Amino acid sequence: MFGVSTFKPPQLNPLLHSSIRPLKPHVSFSFSFTLSPSNWASSRRPLRIRAIDAAQLFDYESKVAQQFHDAQKLKIAIVGFGNFGQFLARTLVRQGHTVMAHSRSDYADVARKLGVTFFPNPHDLCEEHPEVILLCSSIISTQRVLLSLPLQRLKRSTLFVDVLSVKEFPKNLLLEILPSDFDILCSHPMFGPESAGRGWSGLPFVFEKVRIGNEEQRIARCEKFLDVFRREGCRMVEMSCADHDRYAAGSQFITHTVGRVLEMLMLESTPINTKGYESLLKLVENTAGDSFDLYYGLFMFNKNSLEMLERLDFAFEDLRKQLMGRLHSVVRKQLFENAGKMLSLQENHPALQGDQNGSALVLSSKDQRSVNVAKLDKYKLNGSCQSDDKSKLKIAIIGFGNFGQFLAKTIVRHGHQVLAYSRSDYSHVAQELGVSYFNDADDLCEQHPEVILLCTSILSTEKVLKSLPIQRLKRSTLFVDVLSVKEFPRNLFLQHLLPDFDVLCTHPMFGPESGKNGWKGLAFVYDKVRVGRDESRTSRCDRFLDIFSSEGCRMVEMSCAEHDWYAAGSQFITHTTGRFLEKLKLEATPIDTKGYETLLSLVENTAGDSFELYYGLFLYNINAMEQLERFDLAFESLKKQLFDRLHGVYRKQVFQNEEKLNDLPERCMLPEISEDSNAVSSFSNTVDTK
């Protein structure tokens, strides 16, 4: 006998019930067996079998989520497990993909540490049937590597992906070598171990779906691979391989070219680095980490690169011509002026005729006034040069252009009294800034400013200094310049100013653009060329310097000669690089790298300065010519490297073709004509038959 009873499921907690699928009612069976009398002796109680519902709560959503998660994983084989292959492998493994690798070199130990299975033999790798073959070989070796793969051991629908820095070349190569069953995705992660050291977020990833099968599974596989980069925050850019190469020639190739030229100059950090120079040092660091083969591949396998190299060459040559042409004009002008002065001096002073020295000092009216001032009775300093408020200064800015106004804003904010004079009328601007403007230099000097701050251009500094009625100033006045070169204004001050005047040579190594967000951390270079020992004069100099130190400037005291030596290797090179890149009219592209963005920013900063400023850096810094020549030699050396390698490839191909021709069977030559009549007859028959 057996009995049957119906089991009702218990009520579930509503909170649990919301996340668990409802279960079907289960039936519990209870069986009772009556043993035969013969078995009673062996068992005192009846055998009873009962089946009850022991179903436990089960999170089906977690199971489905796990299944979906596993379905998003790929089996990826990296072919070429060098620096870049390992770089990509770290992220692929972290995302949970199965990663295998093959390379000519033995990277088994590195692979093991990364969680990658390494295969020395490509046949063993392909027999594992990876879903994706990721080609991470160099541009130059890609064809050889692809031809060495045993494609017959792969599934016919395998997806091939390349990550080369050029795109048309691998696209054509993959279409030519791979059977039509294979899928092809051409991609370019426009970053590497150096530029993506802090993650891939915002960095461009360029791709083209060259050939993807129509099946849902193959389309999904391609998207799963692209999701590797989407999840890391890459900026996904879909474009044709031809468009990529056109943009890359204008950005990536130029970036690497500039970086390699600067690397040859062996640039080093200096105590007076500007932001622009630091960006160039960073550019050198990023490009120097890449092999020359990579750079050569950008040149060799991108048909647009040669044009860009020629444009770069023309731009630099044009800049050199501008500098040399301007220098020739200056020298020529000085020669004619000196010749005219000598002729006039000899006419007015016959005794000087025939003088072999050919030198004479011709004093202008302004110079004469300075001499007259020197003949005046001297008076003792009584400290009256300071304003009523001993902590504040009366500062006169001579040259109230862009940079003068830029400094005036901060000086006024510090509570100092600011006066200004300039050839152009800036009275309206001065009024808005809280500056007293003077159209006449005599009127300004009669106000007895404690500091004369020269903010003129380098080329006009001497002319402006000579034009100032310095006889109207107090003899202890402090003269300060802010020029980008230092030995030139130092010598100018010492030559044209009387010994009573104090001289402070400075260089704020920033401007309205680089210092628009504050001066904190920016270099301010100064040299106390001649400052009186009186406490009032040393205090005045320190109070002027406090304007910049209180703004957070990095105060660097060094001699004018040291400044010019460092500046020629940093500031002049920075401006030179920005200037000739400006001539290329570079523009932002959809695939800008960090390095290219650095160049665009450099062009923007240097283009904001006048050519006079750049020319002044060249003309008035004795070290600049040497740096220009070194830059020229470095560029020529890089071009020679490229074309020598190109010549070597062409030469190798020529010799290979000659060897192939030599291996061909010799062509039948016409038989020589002899006196033997049989030979003549044979020759005639041969001609007739042909």
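Here the structure is a predicted model, which is why all the values come from computation and not from measurement.

Calculation criteria
Residues numbered from 1 in each chain as written. Predicted model: local features only at pLDDT ≥ 70, side-chain atom pairs only at ≥ 80, totals over all residues. Heavy atoms only, no water. Pairing = 2+ DSSP bridges. Helix = DSSP H or I, 4+ residues; strand = E, 2+ residues; numbered from the N terminus. Axes fitted to C-alpha atoms, helices over the stretch in contact; angles between N-to-C directions. Core = buried A, V, L, I, M, F, W, Y, C linked by side-chain atoms within 4.5 Å. Buried < 20%, exposed > 50% of the residue type's maximum accessible area, 1.4 Å probe, protein only. Phe/Tyr/Trp six-rings, centres within 6.5 Å; stacked < 30°, edge-to-face > 60°. Lys NZ or Arg CZ within 6 Å of the ring centre and 35° of its normal. Parallel < 35°, antiparallel > 145°, perpendicular 65-115°, else oblique. Contact = heavy atoms within 4.5 Å. Nonpolar A, V, L, I, M, F, W, Y, C, P; charged D, E, K, R; others polar. Left-handed = near helix turned anticlockwise from the far one by under 90°. pLDDT = per-residue confidence, 0-100. Arc of directions from axis to C-beta. Polar contact = N/O pair within 3.5 Å; in protein donor to acceptor, adjacent residues only side chain to side chain. Salt bridge = Lys/Arg side-chain N within 4 Å of Asp/Glu carboxyl O.

1. As for the sheet that holds strand E15 (residues 451-454)
An order of E14-E13-E12-E15-E16-E17-E18-E19 is seen for the eight strands of this open sheet, with the pairing classed as mixed. What marks the edges here is a single partner per strand, and that holds for strand E14 (436-438) and strand E19 (554-557). Across the sheet, the mean angle from the axis of one strand to that of its neighbour is 25°, orientation sign disregarded. Looking at chain direction, E15 and strand E16 (residues 478-481) are connected through four bridges and run parallel. Of the residues in E16, the one forming a bridge with valine 451 is leucine 478.

2. As for the nonpolar core
Nonpolar side chains in soluble globular proteins tend to end up buried together. Counting residues in each nonpolar core, the largest one holds 99 residues, and the members touching the most others are Phe160, Leu262, Leu444, Ile452, Leu468, Phe479 and Leu581. Counting 33 residues, the second largest nonpolar core, distinct from the first, contains Val116, Phe205, Phe207 and Cys222.

3. Quick word on the packing of aromatic side chains
For the coordinates displayed, the defined rule picks out 36 aromatic pairs. Judged by centre distance (5.6 Å) and plane angle (5°), the ring pair of phenylalanine 253 and tyrosine 295 falls under stacked. Separated by 42 residues along the polypeptide, phenylalanine 253 in helix H11 (residues 252-264) and tyrosine 295 in helix H13 (residues 292-300) bring together distant segments of the chain. As far as burial versus exposure is concerned, phenylalanine 253 and tyrosine 295 are alike and both buried. Ring geometry for tyrosine 615 and phenylalanine 618: centres 6.4 Å apart, planes at 45°, overall tilted. In this pair, tyrosine 615 and phenylalanine 618 both sit in helix H25 (residues 611-619), three residues apart, roughly one turn of the helix. The exposure classification of tyrosine 615 matches that of phenylalanine 618, with both residues buried. One aromatic cluster is present, formed by Phe84, Phe87, Phe191, Trp200, Phe205, Phe207, Phe225 and Phe229 through successive ring pairs. Lying over the aromatic face of tyrosine 247, arginine 246 brings its terminal NZ or CZ to 4.8 Å of the ring centre. Taking the ring centre of phenylalanine 635 as reference, the NZ or CZ of lysine 639 above it sits at 5.1 Å.

4. Brief notes about the packing of helix H10 (residues 241-250) against H11
Relative to each other, H10 and H11 sit at 25°, their axes nearing to 3 Å. Here H11 runs roughly parallel to H10, going by the angle between their axes. On H11, the residues touching Ala248, Ala249 and Gly250 of H10 are Gln252, Phe253 and Ile254. Of the residues contributing to the contact of H10 with H11, the split by class is four nonpolar, two polar and no charged.

5. Quick look at the sheet that holds strand E5 (residues 98-102)
Pairing in this open sheet of eight strands is mixed, and the strands run E6-E5-E4-E7-E8-E9-E10-E11 from one edge to the other. Both edges of this open sheet fall to strand E6 (117-118) and strand E11 (235-238), since each of them pairs with a single strand only. Two strands pair when backbone bridges link them, and strand E4 (residues 75-79) and E5 are joined in this way by five bridges, in the parallel orientation. Paired with lysine 75 across the two strands is threonine 98, which belongs to E5.

6. A word on the pairing of strand E10 (residues 204-211)
Among the eight residues in E10, six count as buried, and that is most of the element. Here five bridges tie strand E9 (residues 183-189) to E10, and the two strands are oriented antiparallel to one another. Note on E10: the bridge partner recorded for histidine 188 is valine 206. Taken together, the four bridges between E10 and E11 define a ladder with parallel strand orientation. Following the sheet pairing, proline 204 is matched in E11 by arginine 235.

7. Points about the packing of H11 against helix H23 (residues 571-582)
Where H11 meets H23, the closest approach of the two axes is 12 Å, and the angle between their N-to-C directions is 150°. Classed by the angle they form, the pair H11 and H23 counts as roughly antiparallel. Considering only the axes of H11 and H23, their crossing is right-handed. Contacts between H11 and H23 involve Ile254, Val258 and Leu262 from the former and Ile573, Thr577 and Leu581 from the latter.

8. Observations regarding the environment of tyrosine 421
On the secondary structure map, tyrosine 421 appears in strand E13 (residues 417-421). Between the alpha carbons of tyrosine 421 and asparagine 439 there is a distance of 6.2 Å; along the sequence they are 18 residues apart. Sequence-distant contacts of tyrosine 421, defined by excluding residues within four places in its chain, comprise Ile397, Ile398, Gly399, Phe400, Tyr437, Phe438, Asn439, Asp440, Ala441 and Leu444.

9. Let's talk about the confidence of the model for the protein chain
Across the protein chain, pLDDT averages 82, with 75% of residues at or above 70. In the predicted structure, residues 1-7 sits below a pLDDT of 50 and forms 14 contacts with residues beyond four places in sequence or in another chain. Between residues 22-35, whose pLDDT stays under 50, and residues either more than four places distant or in other chains, the model counts 31 contacts.

10. Section: the environment of isoleucine 458
By the secondary structure assignment, isoleucine 458 is in the loop between E15 and helix H19 (461-467). Not counting residues up to four positions away in its chain, the partners in contact with isoleucine 458 are Leu483, Ser484, Val485, Phe488, Leu613, Gly616, Leu617 and Tyr620.

11. Examining helix H8 (residues 168-177)
Within H8, the full set of buried residues consists of Phe169, Pro170, Leu173 and Leu174. End-on view of H8: buried residues confined to an arc of 120°, all on one side of the axis. Check the buried side of H8 and you find it contacts strand E7 (132-135), helix H7 (142-148), strand E8 (159-162) and E9.

12. A look at the side chain of serine 460
Structurally, serine 460 is set in the loop between E15 and H19. Residue classification places serine 460 among the buried positions, given a relative accessible area of 15%. Engagement of the side chain of serine 460 in a polar contact is seen with the side chain of serine 457, the distance being 2.8 Å.

13. Some words on the pattern of salt bridges
Taken as a whole, this structure holds 32 salt bridges when the rule is applied. Its salt-bridge partner being glutamate 127, residue arginine 153 comes within 3.3 Å of it at the nearest N-O pair. Separated by 26 residues along the polypeptide, arginine 153 in the loop between H7 and E8 and glutamate 127 in the loop between helix H6 (122-126) and E7 bring together distant segments of the chain. Residue classification places arginine 153 among the partly exposed positions, given a relative accessible area of 33%.

14. Looking at unusual backbone geometry
Located in the positive-phi region is histidine 448, a residue other than glycine, with phi close to 50°. Here histidine 448 shows up in the loop between helix H18 (441-445) and E15.

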